[in-house]
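The residues making up each chain are set out below.
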Number of protein chains: 2
Amino acid sequence: MTAPATSTMAGGVTAPRGFRAAGVAAGIKANKGLDLALVVSDAPAAAAAVFTTNRAQAAPIVVSREHLAASGGTARAIVVNSGCANACTGDEGLHAAREMAEETARQIGCSAREVLVASTGVIGVALPIDKIRAGLPAAFGALGEGPDRGGASAARAIMTTDPFPKESAARLSLAGGEVLIGGMAKGSGMIEPMMATMLGFVTTDAAVPQALLGRALRAAVDETFNAITVDGECSTNDCVMLLASGASGVTVDDRGYDLFLEGLTSVCRELAMGIVRGGEGATKLVTVTVTGAASIADARKCAKAIANSLLVKTALHGGDPNWGRLIAVAGRAGVAFEPDRAAVTMGSIVLFQDGRPHDENAPQAAEYLKGRNLSVGVNLGAGSTSATVWTCDLSAEYVRINADYRT
Amino acid sequence: MTAPATSTMAGGVTAPRGFRAAGVAAGIKANKGLDLALVVSDAPAAAAAVFTTNRAQAAPIVVSREHLAASGGTARAIVVNSGCANACTGDEGLHAAREMAEETARQIGCSAREVLVASTGVIGVALPIDKIRAGLPAAFGALGEGPDRGGASAARAIMTTDPFPKESAARLSLAGGEVLIGGMAKGSGMIEPMMATMLGFVTTDAAVPQALLGRALRAAVDETFNAITVDGECSTNDCVMLLASGASGVTVDDRGYDLFLEGLTSVCRELAMGIVRGGEGATKLVTVTVTGAASIADARKCAKAIANSLLVKTALHGGDPNWGRLIAVAGRAGVAFEPDRAAVTMGSIVLFQDGRPHDENAPQAAEYLKGRNLSVGVNLGAGSTSATVWTCDLSAEYVRINADYRT
């Protein structure tokens, strides 16, 4: 009997060897919370990133994209602020994002192009670059502090309305030896990454060629961050960045790729699930699975439509097994759908099948819906493919948070 | 100086000559409210209808479509129940919808194909046809009662969670004489008609050839009922039905068409606005106008995306002039968009223009947002076409209504 190839472990971005991190309060947030995070690689790391597809791209997105291209996929550091998105801020915003990278590079002694930047918070407010400039020395002073080398502080410094920090790490046994992957992410509203103000940062101590690193990141993100939704809103600032330090001495090539991807996907999935569990006002994590679809595109489109339906999300919040709302969404989702062969399940409880309600099961379903981890399924009766999307319920608390966000 | 060609007036479906209506309590709703409505034309009327595009079509939709085809577009009556959608109810549901039409036809002494049926309420519950059968004689007994010939009772009998009944009527001066158009509608959740449990019933005493009647209805609905959203949910039961009695003795032909369409659109718009103002939990009516679009399709797509954005709707609910959320939606809407040439306005107050925030205007905008009738505008900076969509804000009350709908 062999040990499992991938196992989860405690920790985040500093679990892999070769990384140090920090999170400090630079005064960007009015509440004086942690708001400036650093992740620094001891040596140049292979770097890959996926960015928001929103046409209004925030200044740090534009700058990180430029730096990644100019460096050929190498980075020494990621610098992130919360409390201000630096989006819709024009040339001034671009200038501030560049200065954020330059100041970080100066502290490290590397080129600005080797620094990736990210921001999250309110859109349309000028980045207080003077506070960031003043805060960076403290961040560098705190770099790598504590038994976790600063990972947990960094994970806290990137939070906005998040109710808890999101960290994840995994250990892989590759042919060449042991490799570690770690990550941190923040939510928690404006979440339907069409990689959205979802930020994810993942590190590994594997040595991974840049092309392979990019391919693995896109594949992992597609199955994880791009398969979640809190409120159907794709942000101007979403990005996931991945740095590979190589400090394990283990190289990932075509042979180790599948296992590396499995580990990376596992870390990304845990972070993505954390974002949904910590979604604004969320009280339940909901796994939506669509089966019996004519195509993978149909399966995903329908699962996203159900996961974003206000009527489905409020029914789940209220613990109401109102399966008719799932059928109504499937019917309007613009996918192949045969109501007479369709089915709706909650957990393993069948509520509708072959055109016939099973309301005798409603009391059992209502009991099931009292839980905090829910699965709902719709079979479209139109084929054999399936897709899964993760979402949360919609509560009055979501409305309260977002009606008062800036007041 | 001539009198305006179209003027609004009091009343609903019975404002035009040749129609009587009624609304009675048949015991379908648990609260014993009015739940069975009749609209009867004294003579065979030209009939046109638009139906939901949801692939899960409710039984009454299937039956009304059949009847309209079989009768060649002639109808004597519309029978509507609230309290049960008769959707996802299989063969039994179809049978019940047919019986509802047959019983109505028997009372009138016409063919069942001359009766249109509609239902609204919970999905997946069997229609209590025995209650409808027992209630119809009372409805016929009450037909045409009172100074308004039963129109107001009928408008109340089609309500579910609607906070108030929706009626509208207009008087047109055509070349041949005066013509009246009247209508009633119900909301108030599961509203984004894609011709959507929105029901609309419109009558006129003009004599309109069936082909022209259908063309006018599709054109009017496109600009009114299909341009509103409460929660982005297209129902299984949506329909708008239009009957023309000809009782005015005035015929609408190609010459009178434009004026007739104007009057019809005016009645449909007032009903559609009523649905939005009465949207579940709504406290504000919001007119979303997108200008500067590259195409009409882009303008409509972006306006719908903004009108359905949870973050925009909650910000407006909270009176927060958070214009960045409108830009973020425009950026993810999948339309041509130039952030540097874009603009966001609330009322006539500019908050963002040419890539630059105008936060000096935020206090004035916050004051404006205290109103109950709001306009927000986004200029995409990508062309010269525009579209308008009407929506409402999102409140904690919406969540409460829909978390508890069946309990």
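Nothing here was measured: the structure is a model prediction, and the numbers come from that model.

Calculation criteria
- Residues numbered from 1 in each chain as written.
- Chains lettered and ligands numbered in written order.
- Predicted model: local features only at pLDDT ≥ 70, side-chain atom pairs only at ≥ 80, totals over all residues.
- Heavy atoms only, no water.
- Core = buried A, V, L, I, M, F, W, Y, C linked by side-chain atoms within 4.5 Å.
- Buried < 20%, exposed > 50% of the residue type's maximum accessible area, 1.4 Å probe, protein only.
- Contact = heavy atoms within 4.5 Å.
- Pairing = 2+ DSSP bridges.
- Helix = DSSP H or I, 4+ residues; strand = E, 2+ residues; numbered from the N terminus.
- Axes fitted to C-alpha atoms, helices over the stretch in contact; angles between N-to-C directions.
- pLDDT = per-residue confidence, 0-100.
- Phe/Tyr/Trp six-rings, centres within 6.5 Å; stacked < 30°, edge-to-face > 60°.
- Lys NZ or Arg CZ within 6 Å of the ring centre and 35° of its normal.
- Expected span 1.5 Å × (residues − 1).
- Least-squares fit on C-alpha atoms with pLDDT ≥ 70 in both.
- Buried area = accessible area lost by both parts, 1.4 Å probe.
- Salt bridge = Lys/Arg side-chain N within 4 Å of Asp/Glu carboxyl O.
- Polar contact = N/O pair within 3.5 Å; in protein donor to acceptor, adjacent residues only side chain to side chain.
- Nonpolar A, V, L, I, M, F, W, Y, C, P; charged D, E, K, R; others polar.
- Patch = residues over 30% accessible without salt bridge, like charges linked within 9 Å, V, L, I, M, F, W, Y side chains within 5 Å.
- Areas by Shrake-Rupley, 256 points an atom, 1.4 Å probe, with all protein chains shown as cover.
- Lys, Arg positive; Asp, Glu negative; His and termini not counted.
- Charge placed at Lys NZ, Arg CZ, Asp CG, Glu CD.
- Disulfide = S-S within 2.5 Å.
- Parallel < 35°, antiparallel > 145°, perpendicular 65-115°, else oblique.
- Left-handed = near helix turned anticlockwise from the far one by under 90°.

Some points on the nonpolar core
Okay, so step 1: Counting 67 residues, the largest nonpolar core has A:Phe201, A:Met241, B:Ile306, B:Ile327 and B:Leu380 as the members making the most contacts within it.
Okay, so step 2: Discounting residues that sit within four places of it in the chain, A:Met241 has contacts with A:Ala48, A:Ala49, A:Phe51, A:Ser64, A:Ile78, A:Leu116, A:Val117, A:Ala118, A:Gly200, A:Phe201 and A:Val202.

A few points about the sheet that holds strand β13 (residues 356–357) of chain B
All names here are of chain B.
Okay, so step 1: An order of β13-β12-β11-β14-β10-β15 is seen for the six strands of this open sheet, with the pairing classed as mixed. Bordering the open sheet on either side are β13 and β15 (385–392), each of which pairs with just one other strand.
Okay, so step 2: With four bridges joining them, strand β11 (residues 343–346) and strand β14 (residues 373–379) adopt antiparallel strand pairing. When the bridges of β14 are listed, Thr345 appears paired with Gly377.
Okay, so step 3: Contacting β10 (285–293) and β15, helix α6 (residues 257–277) runs over the sheet at an angle of about 50° to β15.

Some thoughts on the confidence of the model for chain A
All names here are of chain A.
Okay, so step 1: Averaged over every residue, the pLDDT of chain A is 88; residues scoring 70 or more account for 94%.
Okay, so step 2: Within chain A, strand β8 (residues 199–204) has the poorest average pLDDT of any element, 81, and helix α3 (residues 129–142) the best, 97.
Okay, so step 3: The ipTM value of the predicted complex is 0.75, and its pTM value is 0.78.

Focus: the packing of aromatic side chains
Residue and element names in this part refer to chain A.
Okay, so step 1: Here the structure, examined in full by the defined rule, presents two aromatic pairs over all chains.
Okay, so step 2: With 4.7 Å between their ring centres and 15° between their planes, Trp323 and Phe352 make a pair best called stacked. In this pair, Trp323 is assigned in helix α9 (residues 323–332) and Phe352 in strand β12 (residues 349–353), connecting sequence segments 29 residues apart. As far as the burial class goes, Trp323 and Phe352 line up, both buried.
Okay, so step 3: Geometry around Tyr257 places Arg215 over its ring, the cationic atom sitting 4.2 Å from the centre.

Looking at the sheet that holds β12(A)
Residue and element names in this part refer to chain A.
Okay, so step 1: Read from one edge to the other, the open sheet built from six strands follows the order β13-β12-β11-β14-β10-β15, with strand pairing classed as mixed. Two strands in the sheet have a free side with no partner beyond their single neighbour: β13 (356–357) and β15 (385–392).
Okay, so step 2: Pairing of strand β11 (residues 343–346) with β12, which is carried by four bridges, proceeds in the antiparallel orientation. The residue of β12 that forms the bridge with Ala343 is Gln353.
Okay, so step 3: Sitting on the sheet, α9 is in contact with β11, β12, β13 and β14 (373–379), with an inclination near 135° to β11.

Some details on helix α5 (residues 210–223) of chain A
Residues and elements named next belong to chain A.
Okay, so step 1: Counted at 1.5 Å a residue, the expected span for α5 with its 14 residues is 20 Å, and the 20 Å between its end C-alpha atoms agrees.
Okay, so step 2: Those residues of α5 that fall on the buried side of the exposure criterion are Leu212, Leu213, Gly214, Ala216, Leu217, Ala220 and Val221.
Okay, so step 3: Elements in contact with the buried residues of α5: β3 (36–51), β9 (239–244) and α6 (257–277).

Topic: the relation of the copies chain A and chain B
Okay, so step 1: After a rotation of 180° and a shift along the axis of 0.0 Å, chain A superposes on chain B with an RMSD of 0.0 Å. This pairing of chains is accounted for by a two-fold axis. Minimal C-alpha distance to the rotation axis in chain A is attained by A:Ala396, lying at 2.2 Å.
Okay, so step 2: Looking at chain A, 98% of its interface residues are interface residues in chain B too, so the copies touch through the same face.

Some points on the pairing of strand β10 (residues 285–293) of chain A
All names here are of chain A.
Okay, so step 1: With respect to burial, β10 is a largely interior element, seven of its nine residues being buried.
Okay, so step 2: Strand direction decides the pairing type here: β10 and β14, joined by seven bridges, are parallel. Bridging from a neighbouring strand, Thr289 pairs with Gly377 of β14.
Okay, so step 3: Direction of pairing for β10 relative to β15: antiparallel, over a ladder of seven bridges. By the bridge assignment for β15, Thr289 is matched with Thr388.

A closer look at the interface of chain A and chain B
Okay, so step 1: The interface is formed by 51 residues belonging to chain A together with 50 residues belonging to chain B.
Okay, so step 2: With both sides pooled, the region where chain A packs onto chain B buries about 4,200 Å², and carbon together with sulfur makes up 60% of that total.
Okay, so step 3: Across the contact surface, chain A and chain B share zero salt bridges.
Okay, so step 4: Taken together, chain A and chain B are joined by two residue pairs in polar contact (both at pLDDT 80 or more).
Okay, so step 5: Mapped by element, the contributors of at least two residues to the side of chain A that touches chain B are α8 (310–318), α9 and α11 (396–403) of chain A.
Okay, so step 6: Per-element accounting of the side of chain A that touches chain B gives the leading share, eight residues, to α9(A).
Okay, so step 7: Looking at the side of chain A that touches chain B residue by residue, the classes come out as 26 nonpolar, 17 polar and eight charged.

Some details on a negative patch on the surface
Okay, so step 1: A surface patch of negative charge is lined by A:Asp91, B:Glu338, B:Asp340 and B:Asp354.
Okay, so step 2: For B:Asp340, the location among the structural elements is in the loop between α9 (324–332) and β11.
Okay, so step 3: Overall, the relative accessible area of 57% leaves B:Asp340 in the exposed class.

Some details on the state of the cysteines
Residues and elements named next belong to chain A.
Okay, so step 1: Overall, the coordinates contain zero disulfides over all chains when judged by the stated rule.
Okay, so step 2: We note that Cys88 lacks a disulfide partner, and the nearest cysteine sulfur, in Cys84, lies 11 Å from it.
Okay, so step 3: A residue is classified by how much of its surface remains accessible, and Cys88, at 14% relative accessible area, is buried.

A closer look at the environment of B:Gly27
Okay, so step 1: By secondary structure assignment, the location of B:Gly27 is in the loop between β2 (19–24) and β3 (36–51).
Okay, so step 2: Apart from residues lying up to four places away in sequence, B:Gly27 is in contact with B:Asp35 and B:Lys131.

A look at the packing of α5(A) against α6(A)
If you want to describe how two helices pack, look at the angle between their axes and the distance between the axes.
All names here are of chain A.
Okay, so step 1: Packing of α5 against α6 leaves a shortest axis separation of 9 Å and a crossing angle of 45°. Classified by the angle their axes make, α5 and α6 are oblique. As for the relative orientation of α5 and α6, their crossing is right-handed in sense. Two secondary-structure elements touch here, α5 through Leu212, Leu213, Arg215, Ala216, Leu217, Ala219, Ala220 and Glu223 and α6 through Tyr257, Phe260, Leu261, Leu264, Thr265 and Cys268.
Okay, so step 2: For the contact of α5 with α6, the residue count by class is 11 nonpolar, one polar and two charged.

Considering unusual backbone geometry
Okay, so step 1: Here A:Asn86, not a glycine, exhibits a phi torsion of approximately 50°, which is positive.
Okay, so step 2: One can find A:Asn86 in the loop between β4 (74–82) and α2 (90–108).
Okay, so step 3: On the basis of relative accessible area, A:Asn86 is assigned to the buried category, the value being 0%.
Okay, so step 4: For B:Asp354, which is not glycine, the phi dihedral falls at a positive 50°.

What to know about the packing of helix α8 (residues 310–318) of chain B against α9(B)
All names here are of chain B.
Okay, so step 1: In the contact formed by α8 and α9, the axes pass within 9 Å of each other and the chain directions differ by 160°. For the element pair α8 / α9, the angle class is roughly antiparallel. Viewed along their axes, α8 and α9 form a crossing whose handedness is left-handed. Contact residues: α8 offers Leu311, Val312, Thr314 and Ala315, while α9 offers Arg325, Leu326 and Val329.
Okay, so step 2: Among the residues forming the contact of α8 with α9, the class breakdown is five nonpolar, one polar and one charged.

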